Amino acid sequence: MDSNVVDLIMNDHRELERLFDQLQNQPDRRPSLVPVMVALLTAHSRAEEAEVYPAAAEAGISEDVQHSQKEHLEADQLAAEVAAADPEAPDFGEKLNKLIEAVTHHVGEEESKILPGMRGKLSSDRLDELGQAFLASRTEHLGEMPADITKAELDQQAANAEVPGASSMSKPELQGELKSIADQ
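Treat the numbers as computed from the prediction; the structure is a model and nothing was measured.

Cut-offs used in this document
Residues numbered from 1 in each chain as written. Predicted model: local features only at pLDDT ≥ 70, side-chain atom pairs only at ≥ 80, totals over all residues. Heavy atoms only, no water. 1 Å grid on protein atoms, 1.4 Å probe; cavity = no way out; pocket = protein on both sides within 12 Å on 5 of 7 lines; lining within 4 Å. Points joined across faces, edges and corners; volume = space filled by probe spheres on them. Helix = DSSP H or I, 4+ residues; strand = E, 2+ residues; numbered from the N terminus. Nonpolar A, V, L, I, M, F, W, Y, C, P; charged D, E, K, R; others polar. Core = buried A, V, L, I, M, F, W, Y, C linked by side-chain atoms within 4.5 Å. Buried < 20%, exposed > 50% of the residue type's maximum accessible area, 1.4 Å probe, protein only. Contact = heavy atoms within 4.5 Å. Arc of directions from axis to C-beta. Axes fitted to C-alpha atoms, helices over the stretch in contact; angles between N-to-C directions. Parallel < 35°, antiparallel > 145°, perpendicular 65-115°, else oblique. Left-handed = near helix turned anticlockwise from the far one by under 90°.

Q: Any chance you could explain empty space enclosed by the protein here in plain terms?
A: Scanning all chains against the criterion turns up 2 cavities of 30 Å³ or more. Considered as a void within the structure, the largest cavity measures approximately 70 Å³ in volume. Every residue along the wall of the largest cavity is listed here: His 13, Leu 16, Leu 41, His 44, Ser 45, Glu 48, His 72, Ala 75, Val 103, His 106 and Val 107. In terms of residues, the lining of the largest cavity owes the most to one element, helix H2 (residues 30-58), which gives 4 residues. A breakdown of the residues in the lining of the largest cavity according to their chemical character gives 5 nonpolar, 5 polar and 1 charged.

Q: Hey, could you run me through the nonpolar core in this one?
A: Most often, soluble globular proteins have nonpolar side chains that are buried together. Counting 22 residues, the largest nonpolar core has Met 37, Leu 41, Val 82, Leu 96, Leu 99 and Val 103 as the members making the most contacts within it. At the level of elements, helix H1 (5-25), H2, helix H3 (62-84) and helix H4 (92-121) are the ones that each hand at least two residues to this core. In terms of residue count, the dominant contributor to this core is H4 (7 residues). What Val 82 contacts, discounting residues up to four positions off in sequence, is Val 34, Met 37, Phe 92, Lys 95, Leu 96 and Leu 99. Core analysis: the second largest hydrophobic core is formed by 20 residues, Val 5, Leu 8, Val 52 and Leu 122 among them.

Q: Hey, could you run me through the layout of surface pockets in this one?
A: The rolling of a water-molecule-sized probe over the atoms marks out the regions of remaining empty space. Its boundaries defined by the atoms lining it, the largest pocket holds a volume of some 240 Å³. Lining the largest pocket are 14 residues, and of these Asp 76, Gln 77, Pro 146, Ile 149 and Gln 175 sit closest to its centre. Where the lining of the largest pocket is concerned, the elements lending two or more residues are H3, helix H6 (151-160) and helix H7 (171-183). Class assignment for the residues of the lining of the largest pocket results in 8 nonpolar, 3 polar and 3 charged.

Q: Hey, could you run me through H6 in this one?
A: For an α-helix the count is 3.6 residues per turn, leaving residues at separations of three or four pointing the same way. Among all positions of H6, only Glu 153, Leu 154, Gln 157, Ala 158 and Asn 160 are buried. Across the axial projection of H6, the buried residues extend over an arc of 160 degrees, all falling on one side. Along its buried surface, H6 packs onto H2, H3, helix H5 (124-141) and H7. One or two residues past the end of H6 sits Glu 162, with phi positive at roughly 55 degrees.

Q: What am I meant to see in the packing of H1 against H5 here?
A: Geometry of a packed helix pair, given as the angle between the helix axes and the separation of the axes. At a minimum axis distance of 7 Å, the contact between H1 and H5 shows a crossing angle of 40 degrees. On the basis of the axis angle, H1 is oblique to H5. Between H1, through Val 5, Val 6, Leu 8, Ile 9 and Asp 12, and H5, the contact on the second element is made entirely by Leu 127, Leu 130, Gly 131, Phe 134, Leu 135 and Arg 138.

Q: Which parts of the structure should I look at to understand the packing of H2 against H3?
A: In the contact formed by H2 and H3, the axes pass within 10 Å of each other and the chain directions differ by 160 degrees. On the basis of the axis angle, H2 is roughly antiparallel to H3. H3 is crossed by H2, and the crossing has left-handed handedness. Touching Val 34, Met 37, Val 38, Leu 41, Ser 45, Arg 46, Glu 48, Glu 49, Tyr 53, Ala 56 and Ala 57 of H2 are Ser 62, Val 65, Ser 68, Gln 69, His 72, Asp 76, Ala 79, Val 82 and Ala 83, all from H3. Within the contact of H2 with H3, the residues separate by chemical class into 11 nonpolar, 5 polar and 4 charged.

Right under this line is the structure:
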């Protein structure tokens, strides 16, 4: 199995795109597919935030990491809305499309900036090492929903987004600060 973190991330992106297509074109499958999509998106995001983004920032791609973290915060909020919504409600399609648009935009930027930057600046051994760490973190978070986030994970999001004073904030304060960043 390929253990290069860039390839693993891109594989997840393709799987999310496949799920998005099914969710849009097979509305009858939404009740069973929404939890799968949200769980994969959440696990993928947490693994990137914990393992990949700090390594990318160390490699000199911190501006792109900060922007990508902001997009993760926005996607978390949208995913939580989709997860909580009734898949048969009239406004469900609109919520789903907002999430899909946000994630698709993020994937495009990540695949054109962060991932090529990592390929260019990190050795293949380091990319493989990050791949193993990404997989372990992703596996640990599979089944979680956006609301399951811990204080430590919020601290990591804040570090990736370069939020000043985050370590002294309580979990609710940090959630509020990160929400305001996502809403910008």
